Amino acid sequence: MPIKGMMTIFYKSSPSPSPSPSPARMTPPPSPLPHTFSQSLMEKNIEVADSIITKWDSSFKKDSSYCNIASLFADNNREEAKQYLSAVKGLQKAMQYLVSHHAGSDQRLVHAQTLMQTAMKRLEKEFYRILRSNRDYLDPESVSTHSSSRPSVSRSSFSDFEEDYEFENESRVDENDSIPEVERVSLAAMADLRAIAEAMISAGYTRECMKIYKIIRKSIVDEALYHLGFERLTLQQIQKMDWEILEVKIKNWLNAVKMAVKTLFSGERILCDQVFSVSPVIREACFSEISKEGALGLFGFPENAAKCKNTPEKMFRILDLYEAVSDLWPEIESIFSYESTSTVRSTAVNSLIKLGEAVRTMLKDFESAIQKDPLKSTVPGGGVHPLTRYVMNYLSFLADYSGVLSDIVADWPFTVPSPLPQSYFGSPDNEESISSPVSVRFAWLILVTLCKLDGKATMYKDVALSYLFLANNLQYVVGKVRQSNLKFLLGDEWVTKHEMKVKQYASNYERMGWGKVLASLPENPTAEIPVDQVKDHFRKFNSAFEEAYVKQTSWGVTDPRLRDDIKISLAKRIGPVYKEFYETHGGVRLRKEMWAESLVRYTPDDLGNYWSDLFYGSGSSGSVSSSSSRGGGSR
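Note that the structure is a prediction, hence the values are computed from the model and not measured. (Residues numbered from 1 in each chain as written. Predicted model: local features only at pLDDT ≥ 70, side-chain atom pairs only at ≥ 80, totals over all residues. Heavy atoms only, no water.)

S.K.: Would you take a moment to explain the overall build of the protein for this structure?
M.R.: Scanning the protein for helices and strands turns up 26 helices and zero strands. In the protein, which comprises 635 residues, the proportion classed as buried is 51%. Partitioning the contacts of the protein with sequence separation of at least 6, the portion at a separation of at least 24 is 81%. Surface summary for the protein: the accessible area is close to 30,000 Å², and the carbon and sulfur share equals 53%. (Helix = DSSP H or I, 4+ residues; strand = E, 2+ residues; numbered from the N terminus. Buried < 20%, exposed > 50% of the residue type's maximum accessible area, 1.4 Å probe, protein only. Contact = heavy atoms within 4.5 Å. Areas by Shrake-Rupley, 256 points an atom, 1.4 Å probe, with all protein chains shown as cover.)

Structure follows, in structure tokens:
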């Protein structure tokens with residue numbers, strides 16, 4: 001072989017041809033070079049290499065079954081594995097010596113090259129065997145669990161590996177009693193793979209080493225993604241799916257992505273760094289080819305999901321996707337930091353961009369849906385409107401994503417048809433004022449809803465019922481804010497102001513709904529007045545009370561606390577005045593006379609009993625009975 005051809009074995013960085021079958025053992029002829037110490041050492045290296053390499057060469061031995069079955073790197077061959085790797089290193093030094101002395105036609109160099117090819121063939125087989133037989137111990141979860149705390153061994157050249165390999169095996173024996181079995185076997189396998197990889201790379205067999213590694217590890221990555229439940233889908237496939245099916249796919253993706261990033265891809269990156277610690281270029285090439293295809297499919301799914309037609313109901317799944325990618329971004333950026341995996345990073349970033357755009361679109365559609373709700377759709381009895389329930393339940397769930405939404409709306413210009421009321425947002429000098437972009441968005445959506453409810457209230461013919469409707473709905477809004485993360489977004493000041501509004505609406509309801517009843521009694525209920533006026537006041541009171549009561553039996557107050565507050569307020573406003581009038585002008589003689597004319601129909605206690613029946617929205621009490629009053633008792 002020409003000298004130039006021989007030199008490529010030692011100095012090439014590109015892959016070498018595959019090893020050829022070993023010929024029969026050859027004895028080199030006497031060297032024409034003068035015998036020096038270096039030459040003697042070189043010949044000794046070739047002799048030692050010849051002995052151990054041919055021992056493990058199945059094509060040379062007559063009984064090759066042991067070589068085919070046994071592993072050079074089995075536990076009972078640890079010392080021999082060390083000698084084999086040492087012999088390969090010595091053989092390489094000998095070949096370098098012969099080439100440097102221009103002994104290209106020297107038969108010793110030809111023999112050394114044949115031995116090296118035989119050794120590489122054996123190491124290639126051992127490399128494959130270790131990768132295949134230790135799949136369970138080299139799974140990404142095992143690797144990522146313990147390797148992150150054990151720094152990768154980095155060597156400057158193949159010449160350093162023998163001492164490191166010996167040290168690692170000694171350390172492994174020392175640690176056997178202190179580390180779990182899975183970790184021990186995993187560390188041993190990585191040390192063996194690293195030693196073999198460095199030997200093959202140093203000898204110019206990079207391509208063969210990488211090929212085996214990439215085929216086996218890529219199949220493991222693809223299989224792991226499949227078992228995690230991830231399914232590669234095209235944009236066209238996703239767009240044709242019903243939402244119920246796509247939602248299941250999204251859930252599967254959410255369940256898979258964290259494990260895929262933190263365990264699968266992280267473990268593969270660590271394993272590549274460990275096995276190919278001698279060469280950053282090879283580490284990058286292997287990891288890129290193993291993980292790139294799977295990672296692109298994984299991080300491309302959210303972008304495709306975001307491109308589908310989205311409605312406000314799909315908001316939460318889209319936010320789940322955004323949150324998952326956003327939370328994992330530091331790991332994605334670190335694991336796929338190579339230039340060759342930059343497309344993985346850009347795919348993840350594009351997914352965040354598209355998901356953010358989808359969320360902003362759905363927020364606008366949600367606001368539009370509120371504004372388009374027909375005004376004429378009122379609720380019988382002034383109860384909580386379905387729009388109020390829908391909006392507040394939606395916003396309550398949405399508030400749980402306030403962190404993610406802060407990122408999405410941070411640089412999204414907020415424009416409204418008219419300036420927001422200063423009283424709605426509080427004083428700008430107040431620490432609790434609504435100022436963050438995401439808080440303003442929530443406050444605005446609630447304000448749009450309340451304005452819509454104001455319009456619906458005008459659809460009621462009875463003004464008192466309009467105010468009761470507003471009190472009911474605003475109380476529901478405030479309650480939802482208090483019970484959810486909306487409280488932290490809007491602040492205590494917002495809650496306090498709107499609670500005051502509820503009380504104002506309730507007070508207006510009482511004034512409009514029961515003002516006629518109160519007006520039927522004299523301003524001074526204890527003043528002496530003619531009997532005819534007393535009778536007139538009782539007649540007016542009876543008429544006004546019965547009219548108000550009968551009309552309002554079908555009205556409802558859904559919040560128990562608000563219901564009790566209104567009843568107590570009515571009792572305090574009307575009850576004492578009626579009681580004083582009743583006791584002052586209800587002498588026994590006069591009372592008998594007026595009862596005979598059905599003028600005194602209610603005792604003071606009766607009023608409280610009637611009020612207690614109100615605001616349940618049942619409408620069961622359609623009339624007022626006075627029979628119990630005539631007996632002087634209560635209902």
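S.K.: Help me understand the pattern of salt bridges in this model?
M.R.: Where charged atoms from two side chains of opposite charge approach closely, those side chains can pair. Evaluation of the coordinates by the stated rule reveals 25 salt bridges. Residue E289 is joined to K214 by a salt bridge in which the shortest nitrogen-to-oxygen separation is 2.9 Å. A residue pair is termed long-range when its members are at least 10 positions apart, and E289 in helix α12 (residues 280–306) and K214 in helix α9 (residues 206–227) qualify at 75 residues. A salt bridge links R269 to D273, with the shortest nitrogen-to-oxygen separation between them at 3.3 Å. One end of the pair is R269 and the other is D273, both in helix α11 (residues 243–275) and four residues apart, which spans about a single turn. Classification of D273 by relative accessible area gives buried; the value is 19%. A network of salt bridges, in which partner residues are shared, links K218, D222, R232 and E293. (Salt bridge = Lys/Arg side-chain N within 4 Å of Asp/Glu carboxyl O.)

S.K.: Is there a simple way to think about the nonpolar core in this case?
M.R.: One recurring pattern in soluble globular proteins is that nonpolar side chains are buried together. Residues F127 and L395 are the most contacted members of the largest nonpolar core, which totals 177 residues. At 13 residues, the largest contribution of residues to this core is made by α11. Residues within four places of L395 in sequence aside, it is in contact with F366, F442, L445, I446 and L486. (Core = buried A, V, L, I, M, F, W, Y, C linked by side-chain atoms within 4.5 Å.)

S.K.: How should I be thinking about the packing of aromatic side chains in this particular structure?
M.R.: Here the distance between the centres and the angle between the planes together describe a pair of aromatic rings. Taken as a whole and assessed by the stated rule, the structure comprises 29 aromatic pairs. Consider the rings of F545 and W611, whose centres lie 6.2 Å apart with planes at 65°: the pair is edge-to-face. On the criterion of sequence distance, the pair formed by F545 in helix α22 (residues 531–552) and W611 in helix α25 (residues 604–612) is long-range, its members being 66 residues apart. Of the residues examined, W611 reaches a relative accessible area of 3% and is grouped as buried. When the ring centre of F287 is taken as reference, the NZ or CZ atom of R269 above it lies at 5.9 Å. (Phe/Tyr/Trp six-rings, centres within 6.5 Å; stacked < 30°, edge-to-face > 60°. Lys NZ or Arg CZ within 6 Å of the ring centre and 35° of its normal.)

S.K.: I tried to follow the packing of helix α15 (residues 386–399) against helix α18 (residues 437–457) on my own but got confused; where do I start?
M.R.: In a pair of packed helices, the angle between the axes and the distance between the axes together describe the arrangement. Axis separation between α15 and α18 bottoms out at 11 Å; the angle between their running directions is 175°. Considering their axes alone, α15 and α18 lie roughly antiparallel with respect to each other. Across the interface between the two elements, L387, T388, V391, M392, L395, L398 and A399 from α15 touch F442, L445, I446, T449, K452, L453 and K456 from α18. Its residues placed into classes, the contact of α15 with α18 shows ten nonpolar, two polar and two charged. (Axes fitted to C-alpha atoms, helices over the stretch in contact; angles between N-to-C directions. Parallel < 35°, antiparallel > 145°, perpendicular 65-115°, else oblique. Nonpolar A, V, L, I, M, F, W, Y, C, P; charged D, E, K, R; others polar.)

S.K.: It is not clear to me how unusual backbone geometry should be interpreted in this structure. Could you clarify?
M.R.: Excluding glycine, most residues fall at negative phi; most peptide bonds, likewise, are trans. For F615, which is not glycine, the phi torsion reads 75° and is therefore positive. Within the secondary structure layout, F615 lies in the loop between α25 and α26 (627–630).

S.K.: Any chance you could explain α25 here in plain terms?
M.R.: It helps to recall that an α-helix has 3.6 residues per turn; residues three or four apart then point in one direction. All of the buried residues in α25 are D606, L607, Y610 and W611. Viewed end-on, α25 has its buried residues packed into an arc of 135°, placing them on one side of the element. (Arc of directions from axis to C-beta.)

S.K.: What exactly am I supposed to notice about the packing of helix α13 (residues 315–335) against helix α14 (residues 342–372) here?
M.R.: Relative orientation of the contacting elements α13 and α14 amounts to 150°, with a least axis distance of 9 Å. Considered as vectors, α13 and α14 are oriented roughly antiparallel to each other. Seen from above, α13 lies across α14 with left-handed handedness. When α13 is examined against α14, the residues M315, I318, L319, L321, Y322, V325, S326, W329, I332 and E333 are found in contact with a partner set consisting of R345, A348, V349, L352, L355, G356, A358, V359, M362 and L363. Classifying every residue of the contact of α13 with α14 gives 16 nonpolar, two polar and two charged. (Left-handed = near helix turned anticlockwise from the far one by under 90°.)

S.K.: What is the right way to look at the confidence of the model for the protein in this model?
M.R.: Should pLDDT be low for a region, the predicted coordinates there are not to be read in detail. The share of residues in the protein with pLDDT of 70 or more is 77%, and the mean pLDDT across the chain is 81. Low pLDDT (under 50) marks residues 1–33, which in the prediction has 61 contacts with non-local residues, meaning those over four places away or in another chain. Note on residues 619–623: pLDDT is under 50 here. Beyond four places in sequence and across chains, it has eight contacts. (pLDDT = per-residue confidence, 0-100.)

S.K.: I would appreciate a short explanation of α22 in the present structure.
M.R.: Its 22 residues place the ends of α22 31 Å apart at the C-alpha level, agreeing with the 32 Å of an ideal helix rising 1.5 Å per residue. For α22, the full list of buried residues reads V534, K535, H537, F538, F541, N542, A544, F545, E546, A548, Y549 and Q552. (Expected span 1.5 Å × (residues − 1).)

S.K.: How do you make sense of the side chain of D373 when you look at a structure like this?
M.R.: Mapped onto the elements of the fold, D373 is located in the loop between α14 and α15. If we ignore the near neighbours within four places in the chain, the residues touching D373 are H385, L387, K452 and K456.

S.K.: How do you make sense of the environment of P437 when you look at a structure like this?
M.R.: Tracing the backbone through its elements, the reader meets P437 in helix α18. Given a relative accessible area of 42%, P437 falls into the partly exposed group. Residues P437 and F414, 23 residues apart in the sequence, show an inter-C-alpha distance of 8.2 Å. Ignoring sequence-local partners within four residues, the contact set of P437 consists of V409 and A410.

S.K.: How do you make sense of the environment of L405 when you look at a structure like this?
M.R.: Within the secondary structure, L405 sits in helix α16 (residues 402–409). Along the backbone, L405 and G356 are 49 residues apart, and their C-alpha atoms lie at a distance of 8.6 Å.

S.K.: So what exactly am I meant to see when it comes to the environment of T341 here?
M.R.: With respect to the helices, strands and loops of the structure, T341 is situated in the loop between α13 and α14. In the structure, T341 is positioned 50 residues away from S291 in sequence and 8.8 Å away in space, judged by C-alpha atoms. If we ignore the near neighbours within four places in the chain, the residues touching T341 are F287, S288 and F336.

S.K.: Help me out: how do you make sense of the state of the cysteines in this one?
M.R.: What is meant by a disulfide is a covalent connection between two cysteines, made through their sulfur atoms. Tallying each qualifying case throughout the model produces zero disulfides. With no disulfide partner, C209 has as its closest neighbouring cysteine sulfur the one in C286, 7.2 Å distant. Judged by its relative accessible area of 0%, C209 is buried. (Disulfide = S-S within 2.5 Å.)

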